[in-house]
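# Per-entry structural report
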Amino acid sequence: MSDKPTPSGAAGGSDSGDRIPDGRNFLDSSKPDQVHTPAQGREWADRRIDTRKGMWGATSGPGDTSGYGGIVRTVEIAGSSERPYGGWFDEVADRMEELVPDFSDGLTVVDRGEITFFVRPEKLLELVKVLRDDEALRFESCSCLTCVHYPKMAGREMHVVYDLLSMTHNRRIRLEVALADPGQEDVARTGRSDIESLPHVPSIVSVYPHADFQEREAWDMFGVIFDGHPALTRILMPDDWVGHPQRKDYPLGGIPIEYKGAVVPPPDQRRSYN
């Protein structure tokens, strides 16, 4: 029997950490306010992602050796595009609004020949059903599902992104759901967050079954809970892993269990140029 201590959050430990047991289903139709984590408000007046200093935006160590350390740059999401969007984008947008009124979270972006619809989380499942089934839309495949973490974007810290493909019409659109992440301060401070404080969004597995593994990876790497998923368990990290490695506030290194007790320092501490 190993004398290795059980990590906090490991199976069999005293604290379940942020692991979701096999088959756990968070969807409770009697409590619609608990099956998603909407962003705080629908106004996008403040679209700032971050404010970076210096040419490279380094946050630790000397970092900037370019001599441009005085640069201060604001990074923000593009503003909403104005009609007409151009091409078939207007046709699709009109049909979506006709079938699912008020689905928009207040932002639609056309950039580099691509269109992104920001969607209210409570409308997501209804919207993807009509996107798949309506003859004028026919987005039969969710080709990619991923997340983006903006820890400094207050009230909209976690974005879930869906790339949809229509093989019938040879079209692609992107849906994006912005979620509040109330537990991110706990993650930054302790490396873990309580299950109930992680962001929730409805699962689309009932519409796109192949999204099963994509949602599991998004849960594993970013800590987004997909309500209604048939078995939301980790897919890359061990079941008893604490934390979600692709969050921006996740430590870059120094995890002591990777190499049988050897500690690997974070990248910005591995070499000194002094």
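Description of the structure in this document. (Residues numbered from 1 in each chain as written. Predicted model: local features only at pLDDT ≥ 70, side-chain atom pairs only at ≥ 80, totals over all residues. Heavy atoms only, no water.)

### Section: the overall build of the chain
The following threshold applies: Note on conventions: DSSP H or I runs of at least 4 residues are helices, E runs of at least 2 residues are strands, and numbering of each starts at the N terminus. Here the term buried applies to any residue with accessible area under 20% of the maximum for its type, exposed to any over 50%, and partly exposed to those in between, with areas from a 1.4 Å probe on protein chains only. The Shrake-Rupley method, run with a 1.4 Å probe, gives the accessible areas here. Residue values count only the displayed protein chains as cover.
Of the regular secondary structure elements, the chain holds four helices and nine strands. Helices and strands in the chain line up, N terminus first, as β-β-α-β-β-α-β-β-β-α-β-α-β. Out of the 274 residues in the chain, the part that is buried amounts to 43%. A total of about 15000 Å² of accessible surface is found on the chain, and carbon and sulfur atoms cover 50% of it.

### A look at the pattern of salt bridges
Test applied: For this analysis, a salt bridge means a side-chain nitrogen from Lys or Arg found within 4 Å of a carboxyl oxygen belonging to Asp or Glu.
All told, the structure shown has 15 salt bridges when counted by the stated rule. A salt bridge links Glu91 to Arg171, with the shortest nitrogen-to-oxygen separation between them at 3.5 Å. One end of the pair, Glu91, is in helix α1 (residues 89-99); the other, Arg171, is in strand β7 (residues 171-179), and 80 residues separate them in sequence. Overall, Glu91 belongs to the partly exposed group, its relative accessible area being 45%. Overlapping salt bridges, with partners in common, bring together Arg83, Asp90 and Asp94 in one network.

### Details of the side chain of His149
Which entries qualify depends on this criterion: Contacts described as polar in this section are N or O atom pairs within 3.5 Å, which, within protein, must combine one atom able to donate a hydrogen with one able to accept it, while residues neighboring in sequence count only if both atoms come from side chains.
Within the fold, His149 resides in strand β5 (residues 141-149). Only 2.9 Å separates the side chain of His149 from the backbone nitrogen of Lys248, close enough to count as a polar contact.

### As for the side chain of Arg216
Where we set the bar: Neither His nor the chain termini are counted; the positive set is Lys and Arg, and the negative set is Asp and Glu. Residues are treated as being in contact if the distance between any of their heavy atoms lies within 4.5 Å.
Here Arg216 is to be found in helix α4 (residues 212-222). Buried charge without a salt bridge: Arg216, with Asp212 as the nearest opposite-charge side chain at an N-O distance of 5.0 Å. Excluding anything up to four places from it in sequence, Arg216 contacts His229, Ala231, Leu232, Thr233, Arg234 and Ile235.

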